Every structure is written in structure tokens, then in C-alpha cells.
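Listed below, chain by chain, are the residues.
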Amino acid sequence: MKIEDIAKIAHEINKSYCESIGDNSQVSWEEAPDWQKKSAITGVQFHLDNPNASPSASHDSWLKEKEFDGWKYGPEKNVEKKEHPCFVPYDMLPTEQKSKDY
């Protein structure tokens, strides 16, 4: 299976999980912008390269990528401003957000 296929599956699972907790901001893989697909692919590659990585290490990897791309903390996800409410250390994430890193 190609890495992009794994990323697509992970993206769709994340989308479904987000919807189950009331977050309807995620679009399908087909509608996702390139930056979002790249982020999913990077996350999959991180786990392939680090199969024993902890959930906090996964989040730290995500934070590093977002910071590199110019994102910062914001109370609501805002793509235009590159703000995200999960742009915090892992231990500050709400439980439902920590669950995504598993």
C-alpha cells in the first residue's frame, strides 16, 4: 500500500472522529487542500519511521510541521490566519484531542 493511501485512510478516520465529537470542519480527502494532504502524509511517514512513537511524540511532530509552515495558536481553527487550537503542548490538549494522536 502506498503512503498516500494510508494517509487518505487516516484522514478519513480523523474526519469521522472529529464529526463524532461535534467538529464538522474537516473535509473529505478528495476536497482537502494540498497542505492538509501533505500534513497527513507527513504524519504517516513519521509513524512508519518511528513505529514505537508515543502519542505525545506524534503531536510534537505535528506541532513542528505546523510551526515550520507558519501556524500558531488560535482559539478556533482558522486556515487563512494559520491558527489552530491544538497548537499547544500535548499535556495541554483536551482528552478528545489527545485521542487523535493514538
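For the structure, see preceding data.
Residues numbered from 1 in each chain as written. Predicted model: local features only at pLDDT ≥ 70, side-chain atom pairs only at ≥ 80, totals over all residues. Heavy atoms only, no water.

Novice: Can you help me understand the pattern of salt bridges in this one?
Specialist: Pairs can form between side chains of opposite charge whenever their charged atoms are close. Under the definition given, this model contains five salt bridges. For the salt bridge of lysine 15 with glutamate 19, the shortest nitrogen-to-oxygen distance reads 2.6 Å. Here lysine 15 and its partner glutamate 19 are both found in helix H1 (residues 3-20), four residues apart, which amounts to about one turn of the helix. Lysine 38 is paired through a salt bridge with glutamate 65; the nearest N and O atoms lie 3.5 Å apart. Taken together, the positions of lysine 38 in helix H2 (residues 34-49) and glutamate 65 in helix H3 (residues 55-68) put the pair 27 residues apart, joining distant regions of the chain. On the basis of relative accessibility, which here comes to 44%, the residue lysine 38 falls in the partly exposed class. One network of salt bridges, with partners in common, ties together Lys38, Glu65 and Asp69. (Salt bridge = Lys/Arg side-chain N within 4 Å of Asp/Glu carboxyl O. Helix = DSSP H or I, 4+ residues; strand = E, 2+ residues; numbered from the N terminus. Buried < 20%, exposed > 50% of the residue type's maximum accessible area, 1.4 Å probe, protein only.)

Novice: Would you mind showing me how to read the packing of H2 against H3 here?
Specialist: To characterise two packed helices, one gives the angle between the axes of the helices and the distance between these axes. Relative to each other, H2 and H3 sit at 140°, their axes nearing to 10 Å. Judged on the interaxial angle alone, H3 and H2 are oblique. The two elements H2 and H3 meet at a crossing, and its hand is right-handed. Contacts from Trp35, Lys38, Ser39, Thr42, Phe46 and His47 of H2 reach H3 at Ala57, Ser58, Ser61, Trp62, Glu65 and Lys66. A class-by-class count of the residues in the contact of H2 with H3 yields four nonpolar, five polar and three charged. (Axes fitted to C-alpha atoms, helices over the stretch in contact; angles between N-to-C directions. Parallel < 35°, antiparallel > 145°, perpendicular 65-115°, else oblique. Left-handed = near helix turned anticlockwise from the far one by under 90°. Contact = heavy atoms within 4.5 Å. Nonpolar A, V, L, I, M, F, W, Y, C, P; charged D, E, K, R; others polar.)

Novice: Which parts of the structure should I look at to understand H3?
Specialist: With 14 residues, H3 should reach 20 Å at 1.5 Å per residue; the first-to-last C-alpha distance of 20 Å fits that figure. Contacts made by the buried residues of H3 are with H2 and strand E2 (83-84). Positive phi shows up at glycine 70, right after H3, with a value of about 95°. (Expected span 1.5 Å × (residues − 1).)

Novice: Quick question: what am I supposed to make of a nonpolar patch on the surface here?
Specialist: Taken together, Met1, Ile9 and Ile13 make up a surface patch of nonpolar side chains, about 360 Å² in accessible area. Relative to the elements of secondary structure, methionine 1 occurs in the segment before H1. (Patch = residues over 30% accessible without salt bridge, like charges linked within 9 Å, V, L, I, M, F, W, Y side chains within 5 Å. Areas by Shrake-Rupley, 256 points an atom, 1.4 Å probe, with all protein chains shown as cover.)

Novice: Just checking my understanding: could you explain the side chain of histidine 59 for this structure?
Specialist: Take histidine 59: it is sitting in helix H3. Note on histidine 59: relative accessible area 3%, which makes it buried. Residues in contact with histidine 59, not counting those within four places in the same chain, are Cys86, Val88, Pro89, Tyr90, Leu93 and Asp101.

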